[in-house]
Amino acid sequence: MKPRATYRVQLSSEFTFQQAADLCDYFQALGISHLYCSPVLQATPGSAHGYDVVDPTHISDDLGGAASLRHLLDAAAERGMGVVVDIVPNHMSTAGRANPWWWDLLAHGPSSRYADYFDIDWRPAGSTLKDKVLLAVLGDRYGRELEAHALTLTTEGDETVVRYHDQEFPVAPGSLDGAHRERVAADIDELDRLLERQHYRLAYWRSAQDELNYRRFFTVDQLIGLRIERPQVFADSHRVILDLVADGRVDGLRVDHVDGLRDPTGYLTRLRRAAPDAYIAVEKIVATDEQLPSAFPVEGTTGYEFIAAVDGVFVDAGNEPAMTALYHAFTGETQPYAEVTRASKQHIIATELATDLVRLSGLMHDICEADRRHRDRTQREVHEALGELAVAMRVYRTYVTPDAPPTEQDRAAVRHAVEESTRRRPDIDPELIAFIGDVVLLDRRGDSEIELSARFQQFTPAVMAKGLEDTAFYRYNRLVSLNEVGGNPGTFGRTVEQFHELCARNAATHPHTMLTRTTHDTKRSADVRARINLLSEMPAEWEAAVRRWSELNDRHRPHGYPDRNIEYLIYQTLVGAWPIDKERLTEYLNKAAREAKLHTSWMSPVAAYEDALAAFVEAILSDGEFTADFESFLGRTQIVAFGRTASLAQTALLLTCPGVPDIYQGSELWNITLVDPDNRRAVDYTRRRGLLDEVANMAAEEALARSDEGSPKLWLIARLLRAKADHPEVFAAMGYSPLEATGAKARHALGFVRGPLLVLVPRLPAGLGGDWGDTQLVLPKGRWTNVLTGATESGGRSSVAAILERFPVAVMTSAG
């Protein structure tokens, strides 16, 4: 059963299978066809998200265990709903004995049956690590920790383990006998010799940056890459989930971080064979000029490109010069986004991904050594050429394998990177850069070339994700509503035509792709972004306000901290998330500053900067003069009201555009949340259940009158999901045709027709100001009924104001 509409829940020990089961009647009443769950397999004990799986053969005890999951699946089925489950094929957590595969590997090393389950380089070039895994877990240098007796032996039953604070590690069989155990416990030299006999090396945590010999999830040392391309690893890690699919208890799978896999197409092909009838969506960021590979046997993506398209069409592109000038003048940050991105990628490659690039460079240098035209290349120039090529990639990755020659999209991506690298770095021999490009595309074949190509294609997604999403997105603050996963902050708005192009393409190629507006990974909720987008419509008012607030708040910056760039971020964040308390705002800004890595970072926190930032937040939120002026600005510009109008418009698009709409937990009401953990807080379902009962029989006008409660949004979602359930053939109609409006306010109208379905919403609501004037729309032939208000219109020329008289959006159906 393919989903009609999903509702995403974040499972944890605070929100278990049982609690989700108890809400199935609410989800059914809302109109949901499928409950969409975060990972259900056993994760690190206490995990708040489930992506750190430790045992894929076991349903999470923290969430309630296998029996409780069956109860949830039964509860959903009893109400006619299915379930979609998030799976994590790319990595596992290294959480000690909680991960039995990892524990066995640490105990037995290369002879472990799980040695080839994980992506480990057992003999890294230029390293003393031989048949060992580097575990960068120590708070200080190894020798200091040893001499401080922080490393000890502990016997638990028949097993002796190495303990470091709350972490423990196995002792290899045969490396310690009873008599020896007594000596080791009393002598750190003996303990040192014992540790040298293990299949792992305990090391200072900072050494991971240069010495780590396994592939991670991005830069998270505690998440080790799986070799899921190996049939036995696939079988063992998917057996439990695929059994649920085969039994008909799970209808769909959401594949996390598919670009991190060695061979995404091969993996998805194997998954499709194992689950031929399942709904499969991949977490894949598709760039503006990129399309999902046609070889992927999936229904589509999880919808990040839809987020970017919707936000883009609600930004007034005509005001880009004014907004850019303000940003540059106020912050002093004058680099264009492309340069910020380049610098951010370079920073990530030189620091957090340095060990990954070293591994790639060694492999590429060996390839050069075997080629007479490149035999005398130095390690340094190969290293720099590879790094430059990775920086220049404009998509997350290519999808070349020995069995899948490069597509034209792959070739175009690498060709662009080669040309850009050559232009940017004339000091690097262009022939070397071109040679690497040929190897990545496998135009040069051999075992080493195949390995380099696969590794490079796994490397670039990490460079993009960490360089863009987790660095550049926190450095470039021109209009932060555009700094969203899947988006491009350098593109200030999108045209209506571009939006229609995406929808038409989805209708033609992936009619069941997932659509979303808010996820567990978005930097800001859709409703926060909707407010911030409005600033693009009022650059003069915004500039005056920012300069006035900054002058007012200079008294709270005695030493010039925080910097103007983050101050500009603060004002935008307040617009998007007001009202917000100092704790939530400080937590968010601290994360933002660390992600930017300019004044402080996760690796090297700078207490003086972070303290100054916290003090500034507390001071301005306690300053009655500032908060009064700020609230006056919100009132004069009607940002909250216009933001709600935009939210209703975007919600209508989410529920009617080609694809499967996903509603993130809690966002059926106004959802004013920031990046995690803010967006993963507990949801008040008691309130939502009560409001759903209240709005069930409301007219449009009554729902609008209760806007502060979030009633209009809940009412709209419930009405449209009910209509989708009652008339699936209407809402699943094939085809997609834009509607063209005429009149003075025509640019504010966004509409389309899908067979018997017609949708009309407003865009750029601040500029519209609620007055459509003489704007008209030509409706296709037939008699159209508004499913929200019951009003009818005949085909032909109609007034937009009349169509939207009773509610800000219109969804209409026609019998002929």
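Cut-off values and rules
Residues numbered from 1 in each chain as written. Predicted model: local features only at pLDDT ≥ 70, side-chain atom pairs only at ≥ 80, totals over all residues. Heavy atoms only, no water. Helix = DSSP H or I, 4+ residues; strand = E, 2+ residues; numbered from the N terminus. Buried < 20%, exposed > 50% of the residue type's maximum accessible area, 1.4 Å probe, protein only. Areas by Shrake-Rupley, 256 points an atom, 1.4 Å probe, with all protein chains shown as cover. Lys, Arg positive; Asp, Glu negative; His and termini not counted. Charge placed at Lys NZ, Arg CZ, Asp CG, Glu CD. Salt bridge = Lys/Arg side-chain N within 4 Å of Asp/Glu carboxyl O. Axes fitted to C-alpha atoms, helices over the stretch in contact; angles between N-to-C directions. Parallel < 35°, antiparallel > 145°, perpendicular 65-115°, else oblique. Contact = heavy atoms within 4.5 Å. Nonpolar A, V, L, I, M, F, W, Y, C, P; charged D, E, K, R; others polar. Pairing = 2+ DSSP bridges. Phe/Tyr/Trp six-rings, centres within 6.5 Å; stacked < 30°, edge-to-face > 60°. Polar contact = N/O pair within 3.5 Å; in protein donor to acceptor, adjacent residues only side chain to side chain. Arc of directions from axis to C-beta. Core = buried A, V, L, I, M, F, W, Y, C linked by side-chain atoms within 4.5 Å. Left-handed = near helix turned anticlockwise from the far one by under 90°.

1. Examining the overall build of the chain
Secondary structure assignment for the chain yields 32 helices and 25 strands. The principal-axis extent of the C-alpha atoms belonging to the chain is close to 90 × 60 × 60 Å. Going through the 816 residues of the chain one by one, you find that 61% of them count as buried. In the form shown here, the chain has an accessible surface area of approximately 30,300 Å², with 49% of it arising from carbon and sulfur atoms. The averaged location of the 117 negative side-chain charges in the chain is 3 Å from the averaged location of its 89 positive side-chain charges.

2. Examining the pattern of salt bridges
Pairing between side chains of opposite charge can happen when the charged atoms of each approach one another. The final tally for this structure, using the stated rule, is 72 salt bridges. Asp 316 is the salt-bridge partner of Arg 747, the closest N and O atoms lying 3.0 Å from each other. Note that Arg 747 is positioned in the loop between β20 (741-742) and β21 (749-754) and Asp 316 in the loop between α11 (304-313) and α12 (320-331), a separation of 431 residues in sequence. The exposure class assigned to Arg 747 is partly exposed, which follows from its relative accessible area of 46%. One salt-bridge network, in which partners are shared between bridges, spans Asp 119, Asp 121, Arg 215, Arg 227, Arg 262, Arg 359, Glu 451 and Arg 455.

3. Considering the packing of α12 against helix α22 (residues 564-577)
Axis separation between α12 and α22 bottoms out at 8 Å; the angle between their running directions is 130°. Here α12 is positioned oblique relative to α22, judged by the angle of their axes. Here Leu 326, Tyr 327, Phe 330 and Thr 331 of α12 lie close against α22, whose contacting residues are Arg 564, Asn 565, Glu 567, Tyr 568 and Tyr 571. When its residues are assigned to classes, the contact of α12 with α22 shows five nonpolar, two polar and two charged.

4. Digging into the sheet that holds strand β10 (residues 167-170)
Across the sheet, three strands lie side by side as β8-β9-β10; this open sheet has antiparallel pairing. Looking at the sheet topology across the chains shown, the edges are occupied by β8 (151-156) and β10. Across the sheet, the axes of successive neighbouring strands diverge by a mean angle of 35°, strand direction being ignored. Sheet topology places β8 next to strand β9 (residues 159-164); six bridges connect them, and they run antiparallel. Opposite Thr 155, over in β9, you have Thr 160 as the bridge partner. Set on the sheet, helix α4 (residues 100-108) makes contact with β9 and β10; between it and β10 the angle comes to about 55°. In the packing of helix α7 (residues 188-196) onto the sheet, contacts are made with β8 and β9, and the angle to β8 comes to roughly 75°.

5. Concerning the packing of aromatic side chains
Remark: the centre distance and the inter-plane angle together describe each pair of aromatic rings, the angle taken between the planes. For the structure on display, the rule yields 34 aromatic pairs. Ring centres of Tyr 26 and Tyr 685 lie 5.9 Å apart, and the angle between their planes is 65°; this geometry places the pair in the edge-to-face category. Here the residue Tyr 26 occupies a position in helix α2 (residues 24-30), and Tyr 685 occupies one in helix α27 (residues 685-695), the gap between them amounting to 659 residues. According to the relative accessible area criterion, Tyr 26 is buried, its value standing at 1%. Here Tyr 685 falls in the buried class, since its relative accessible area comes to 8%. When the centroid spacing of 5.7 Å and the interplanar angle of 45° are considered together, the rings of Phe 330 and Tyr 568 count as tilted.

6. So, the environment of Asp 74
Along the chain, the position of Asp 74 falls in helix α3 (residues 65-78). In the structure, Asp 74 is positioned 716 residues away from Gly 790 in sequence and 36 Å away in space, judged by C-alpha atoms. Only 2.9 Å separates the side chain of Asp 74 from the side chain of Arg 249, close enough to count as a polar contact.

7. Quick word on α4
Residues of α4 that are buried: Trp 101, Trp 102, Trp 103, Leu 105, Leu 106 and Ala 107. Two residues or fewer past α4, Gly 109 is found with a positive phi of approximately 65°.

8. A few points about the pairing of strand β24 (residues 792-799)
Direction of pairing for strand β23 (residues 776-786) relative to β24: antiparallel, over a ladder of seven bridges. When the sheet's bridge partners are listed, Thr 785 is paired in β24 with Thr 792. Counted between consecutive antiparallel strands, the loop separating β23 from β24 contains five residues, among which Gly 790 sits at a positive phi close to 85°.

9. Side note on α27
For α27, the full list of buried residues reads Tyr 685, Arg 688, Leu 691, Leu 692 and Val 695. Across the axial projection of α27, the buried residues extend over an arc of 125°, all falling on one side. Facing away from the buried side of α27 by over 90 degrees, the exposed positions are Thr 686 and Asp 693. Looking at the buried residues of α27, the elements they touch are β1 (6-9), α2 and α29 (711-726). Here α27 starts with a cap whose side-chain oxygen sits 3.3 Å from the backbone nitrogen of Thr 686, and that cap is Asp 684.

10. A look at the side chain of Glu 145
Mapped onto the secondary structure, Glu 145 falls in helix α5 (residues 142-147). Buried within the structure, Glu 145 lacks any salt-bridge partner; Arg 144 is the closest side chain of opposite charge, at an N-O distance of 9.0 Å. Side-chain polar atoms of Glu 145 contact the backbone nitrogen of Gly 139, separated by 3.3 Å. Filtering out sequence-adjacent residues up to four positions away, Glu 145 remains in contact with Leu 138, Gly 139, Asp 140, Ala 150, Leu 151 and Tyr 164.

11. Some remarks on the sheet that holds strand β14 (residues 252-255)
Pairing is parallel across the open sheet formed by eight strands, whose spatial order is β16-β15-β14-β5-β2-β1-β18-β17. The strands lining the two open edges of the sheet, one partner per strand, are β16 (300-301) and β17 (514-515). As judged from the four bridges shared by β1 and strand β2 (residues 34-37), these two strands associate in the parallel manner. The residue bridging Arg 8 from the neighbouring strand is Tyr 36, located in β2.

12. Some details on the nonpolar core
Ranked by internal contacts, the top residues of the largest apolar core, which has 143 residues, are Phe 27, Phe 118, Leu 271 and Phe 499. A total of eight residues in this core trace back to one element, the largest contributor, which is α29.

13. Side note on the packing of α27 against α29
For the pair α27 and α29, the least separation of the axes is 10 Å and the interaxial angle reads 70°. Taken together, the axis directions place α27 and α29 in an arrangement best described as roughly perpendicular. Considering only the axes of α27 and α29, their crossing is right-handed. On the side of α27, the interface is formed by Arg 688, Leu 691, Leu 692 and Val 695, while α29 contributes Ser 711, Leu 714, Trp 715 and Ala 718. Here the residues of the contact of α27 with α29 sort into six nonpolar, one polar and one charged.

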